[in-house]
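# Understanding the architecture of this molecule
Spelled out from the first residue to the last, the chains are:
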Amino acid sequence: MSWTGKLLRINLTRGEIISEAVNEEWKNDYLGSRGLATKYLFEEIDPACEPLSAENKMIMATGPLTGTMAATGGRYVVVTKGPLTNCVACSNSGGFIGAEMKSAGWDMIIFEGKSPKPVYLYIENDKAELLPADDIWGTSVWSTDEWLHNKHQDPLLRIAAVGRPAENACLYSGIVNDLHRAAGRSGVGAVMASKNLKAVAIRGTKGVGNLNDPAGFMKAVNDGKAVLAENPVTGQGLPAYGTQVLMNVINEIGALPTNNMKDVQFDGAHAISGEAMSEPRKSDGRPNLTTNAACFGCTIACGRISTIDQGHFSVKNKSKYWGNSGGLEYEAAWALGADNGVDDLDALTYVNFICNEEGFDPITFGATVAAAMEMFEDGNITLEQTGGIPFNFGSAEALTQAAELVASGEGFGQDLALGSKRLCEKYGRPELSMSVKGLEFPAYDPRGIQGIGLNYATSNRGACHVRGYTVASEVLGIPEKTDPLSAEGKPGLVKAFQDITASVDSSGLCLFTTFAWTLDNIAPQIQGACGSEWTVDYLLKVGERIWNMEREFNLKAGITSADDTLPPRLREEAAKTGPAKGLVSQVDAMMPEYYQLRGWSEEGIPTDETKQRLGLKG
Amino acid sequence: MEKSLVINPDKCTGCLQCEMACSYENEGVFNPAKSRIKVFTFHQEGRFVPYTCTQCSEAWCQQACPVDAISLNLVTGAKEVNESSCVGCKVCTISCPFGTINYNQSSGKVIKCDLCGGDPKCASACPTQAITYVDADQTGLDKMRQWATQTDNATSNTASNA
């Protein structure tokens, strides 16, 4: 029901493609997308394997609601073992290719082995073939996209591709689809390129149907759309300002990490905010923001379409960056901006364009530059090592040059491509990497928002906000307001957010719907599509099951409870300004209660009883 | 009262809800590839433009059809394809100046917008009112109102300056 029930298995080593039925039992246990793909990965690879070896597999997966009319039902995920974290990597993207994959008749694509030569996968409904990619190897995502559209003479072809950094094994390279949507985090692009797979191009014309209860589904979808439209966040804030609606809000509450998280407030916050993106520029009177844009089926439309001032130093004489493209979202604006002390909106937009063009994660990249800047200012990194670039906080020039170097893989770009953990280890300052399990923090300081710190420390893919976005409760009061400065009750809040999120991610919907929707709005849509057994209670159980399965994967990959913490800076150096002044993260104090609520041992291992309750094997 | 679809590209976000609603109504599946309305993305300009049949009064497709498979719905004003008569010759697709009538490989017939019998699903699915269904004689009303507001401002500004 709503699933196609079919998956493509691509053995790149042998160049073989087979069509398989999706495992019915797993589908009913894990729903789809994140949950189902992780189940396949866990069953099929050794979690201790080397992420960039042929032994690792990479799975692209849709959920049962992907490709349907459910608002935001266009999501797909990439699941693999990640090279940045050595943990399970699950990177979620919108755009249009997920729905196209579903419309071509496939719930999932499993890539295994390694192709002897560069190839791309071309899918036209039932037809799937591996074709030579020699002509596009060594080129950017945008060039690859153009080449494939020209070659196949099909303007409606949907494309996901990796750029040059992925080919150079940049540990935070992503897979970009539809030019500027990305499975961006955890280095899934490096895994794809390690298999000599350059792109996936899909044309699907079968459509998505097979609904369990068509009338019930359409009613639930229309009810859901009305709720999104009436909610102030999804109906007004996100369409108008995108996620950038948060920049000034988070700065005011003293949780905007600044200068590699030395500070929690940024003087230049307004200059790089969503509001600033809508203000006319001095030079040409146009705003940075041209319009908002939606992913497939999305009635929120938080996406930004932006331009760069043509007179800005970053794009002088580079006309290819003068048109519109994907603009800044909050995480990128923060990581490239506040975390580096850079308040130049055009420079940030330019770097964001480069991240999309070449396929690398602006969060990890920005945080890695921030760590480099701190080490440069401390004298651990020299001018000679940076290739003559003064890596000072606040330098837009250093930021833009750093992006160009990561794109090309030249000079200091090779060091920056390692991510902050390995970069800081290399230059003798491991404590300056603002990361958990190797993945850099997003844009919320755990000293000013206590719950999110616990989520970062326990997130199965490293420091990630979209695994348990307690900011919704702690800052925005969704579904109810909790005190961001207090650790009390946060373990339960974190667990609840994490489990719900695992379920939402597995449905094919976008997490942003949960600013307005609860599972009470989501369950009827899944029931209409998939069957009456998908109640709120069952979705919660499935979410918890997925969370514990991911944990089991990580434990087998070598993670221990010692990895469930935050860098010393956040636990020991108090916030200097704002409402959180004098506070540190209380992550370690919250951990025992979190383990207990999860049904884990003191060592952070799911007990046999917990596994039995969730139907996980021992 | 005859009504028309009015499209305001400025309000379109490119979400394709209209394409899904259209294909679901006509084909029973969510399938943008079989939608009678299409959203075009002009990436460099940052523009999304929904486009479909405007139901010409003297319709080229209708006049070109050799088997009279296209007829006028007297209630809605839509030009509708009679599937049982259509032979899939595609002459209408050549004659239409706008490209809004197209061949459908799966059925061997042509497909075009028929205003869903007077309740166009694309308009009700659109989350931003980029597609509306209004009195056919008043399709410019919203634009006129918008300009009227500015005209009014100009007058009052002039008055206050005087």
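All values derive from a computational prediction rather than experimental measurement.

## Description of the environment of A:Leu493
Residues and elements named next belong to chain A.
- Along the chain, the position of Leu493 falls in helix 20 (residues 490-507).
- Residue Leu493 is classed as buried on the basis of its relative accessible area of 16%.
- In this structure, the C-alpha to C-alpha distance between Leu493 and Cys510, residues 17 residues apart in sequence, is 20 Å.
- If sequence neighbours within four positions are ignored, Leu493 has contacts with Thr470, Ser473, Glu474 and Thr482.

## Concerning the pattern of salt bridges
Residue and element names in this part refer to chain A.
- A full pass over the atoms with the stated rule returns 51 salt bridges over all chains.
- Lys206 serves as the salt-bridge partner of Asp126, at 2.6 Å between the closest nitrogen and oxygen. Taken as a pair, Asp126 in the loop between strand 7 (119-124) and strand 8 (127-132) and Lys206 in the loop between strand 12 (197-203) and helix 7 (214-230) lie far apart in primary sequence, 80 residues in all.
- In this structure, the salt-bridge partner of Lys495 is Glu544, at a minimum N-O distance of 3.5 Å. Of this pair, Lys495 sits in helix 20 while Glu544 sits in helix 22 (residues 536-557), and the two are 49 residues apart along the sequence.

## Remarks on the environment of A:Phe313
Residue and element names in this part refer to chain A.
- By the secondary structure assignment, Phe313 is in the loop between strand 14 (303-306) and strand 15 (325-326).
- Since its relative accessible area comes to 35%, Phe313 is described here as partly exposed.
- With 87 residues separating them along the chain, Phe313 and Thr400 place their C-alpha atoms 9.8 Å apart.
- With residues near it in sequence (within four places) discarded, Phe313 still touches Asp344, Ala396, Glu397 and Thr400.

## Some thoughts on a nonpolar patch on the surface
All names here are of chain B.
- Residues Phe40, Phe42, Tyr51, Trp60 and Phe98 make up a contiguous nonpolar surface patch of about 510 Å² in total accessible area.
- Mapped onto the elements of the fold, Trp60 is located in helix 2 (residues 60-64).
- Here Trp60 falls in the partly exposed class, since its relative accessible area comes to 45%.

## Remarks on the domain arrangement of chain A
Residue and element names in this part refer to chain A.
- The domain architecture assigned to chain A consists of domain 1 (6-203), domain 2 (220-252 + 258-433) and domain 3 (444-614).
- Put simply, the middle of domain 1 and the middle of domain 2, counted by C-alpha atoms, are 25 Å apart.
- Across the contact, 34 residues belong to domain 1 and 37 residues belong to domain 2.
- Summed over both partners, the interface of domain 1 with domain 2 comes to about 2700 Å²; 59% of that surface belongs to carbon and sulfur atoms.
- Scanning the region where domain 1 abuts domain 2 turns up 3 salt bridges.
- At the junction of domain 1 with domain 2, the criterion picks out 13 residue pairs in polar contact (both at pLDDT 80 or more).
- When grouped by side-chain class, the residues that make up the side of domain 1 that touches domain 2 number 15 nonpolar, 15 polar and 4 charged.

## Looking at the sheet that holds strand 9 (residues 158-161) of chain A
All names here are of chain A.
- Spatial ordering of the open sheet is given by 8-7-12-9-10-11, a layout of 6 strands whose pairing is mixed. Among the strands making up the open sheet, the edge pair consists of strand 8 and strand 11 (181-183). The mean angle between the axes of side-by-side strands here comes to 20°, regardless of whether they run parallel or antiparallel.
- Judged from the 6 bridges that link them, strand 7 and strand 12 form a sheet pairing that is parallel. Bridge pairing links Tyr120 to Ala199 in strand 12.

## Details of the packing of helix 7 of chain A against helix 8 (residues 232-241) of chain A
All names here are of chain A.
- Where helix 7 meets helix 8, the closest approach of the two axes is 4 Å, and the angle between their N-to-C directions is 55°. With respect to helix 8, the element helix 7 is oriented oblique. Of the residues in helix 8, those in contact with Val227, Leu228, Ala229 and Glu230 of helix 7 are Pro232, Thr234 and Gly235.
- In the contact of helix 7 with helix 8, the residues fall into 4 nonpolar, 2 polar and 1 charged.

## Regarding the nonpolar core
Residues and elements named next belong to chain A.
- Among the nonpolar cores identified, the biggest contains 196 residues, and Phe365, Phe391 and Tyr444 are the most heavily contacted of them.
- Here this core takes 9 residues from helix 13 (residues 362-377), the largest share from any one element.
- Residues within four places of Phe365 in sequence aside, it is in contact with Tyr172, Leu336, Val351, Phe360, Leu399, Ala402, Ala403 and Val406.
- By size, the runner-up hydrophobic cluster in this structure holds 30 residues, among which are Met60, Ala89, Ala183 and Ala193.

## Re the sheet that holds strand 3 (residues 58-62) of chain A
All names here are of chain A.
- The strand order across the open sheet formed by 6 strands is 2-1-6-3-4-5, and the pairing between neighbours is mixed. A single partner strand is all that each edge strand has here, and the edge strands are strand 2 (16-21) and strand 5 (88-93). Each adjacent strand pair in this sheet contributes to an overall mean axis angle of 15°, direction not counted.
- Judged from the 6 bridges that link them, strand 1 (residues 6-11) and strand 2 form a sheet pairing that is antiparallel. Looking at the pairing, Arg9 lines up with Ile18 of strand 2.
- The sheet strands contacting helix 2 (residues 33-44) are strand 1, strand 2, strand 3, strand 4 (76-81), strand 5 and strand 6 (108-112), and the helix crosses strand 4 at an angle near 25°.

## Let's talk about the pairing of strand 14 of chain A
Residue and element names in this part refer to chain A.
- Residues of strand 14 alternate between two faces, with Gly303 and Ile305 on one and Arg304 and Ser306 on the opposite face, all of them buried.
- As paired strands, strand 13 (residues 289-293) and strand 14 are joined by 4 bridges and run antiparallel to one another. Looking at the pairing, Leu289 lines up with Ser306 of strand 14.
- Two strands pair when backbone bridges link them, and strand 14 and strand 15 are joined in this way by 2 bridges, in the antiparallel orientation. Residue pairing for strand 15: Ile305 is matched across the bridge by Gly326.

## Considering the interface of chain B and chain A
- Contacts between chain B and chain A engage 21 residues on the former and 37 residues on the latter.
- Between chain B and chain A the total buried area reaches about 2000 Å² when both faces are included, carbon and sulfur atoms providing 60% of it.
- For chain B, the biggest contributors to the area lost against chain A are B:Gln17, B:Phe30 and B:His43; these three give 30% of the whole.
- In this assembly, chain B and chain A are joined by 0 salt bridges.
- Applying the counting rule to chain B against chain A returns 11 residue pairs in polar contact (both at pLDDT 80 or more).
- A total of 4 residues in the side of chain B that touches chain A trace back to one element, the largest contributor, which is helix 1 (residues 17-27) of chain B.

Quick notes on the rules
- Residues numbered from 1 in each chain as written.
- Chains lettered and ligands numbered in written order.
- Predicted model: local features only at pLDDT ≥ 70, side-chain atom pairs only at ≥ 80, totals over all residues.
- Heavy atoms only, no water.
- Helix = DSSP H or I, 4+ residues; strand = E, 2+ residues; numbered from the N terminus.
- Buried < 20%, exposed > 50% of the residue type's maximum accessible area, 1.4 Å probe, protein only.
- Contact = heavy atoms within 4.5 Å.
- Salt bridge = Lys/Arg side-chain N within 4 Å of Asp/Glu carboxyl O.
- Patch = residues over 30% accessible without salt bridge, like charges linked within 9 Å, V, L, I, M, F, W, Y side chains within 5 Å.
- Areas by Shrake-Rupley, 256 points an atom, 1.4 Å probe, with all protein chains shown as cover.
- Domains from an automatic or database assignment.
- Buried area = accessible area lost by both parts, 1.4 Å probe.
- Polar contact = N/O pair within 3.5 Å; in protein donor to acceptor, adjacent residues only side chain to side chain.
- Nonpolar A, V, L, I, M, F, W, Y, C, P; charged D, E, K, R; others polar.
- Pairing = 2+ DSSP bridges.
- Axes fitted to C-alpha atoms, helices over the stretch in contact; angles between N-to-C directions.
- Parallel < 35°, antiparallel > 145°, perpendicular 65-115°, else oblique.
- Core = buried A, V, L, I, M, F, W, Y, C linked by side-chain atoms within 4.5 Å.

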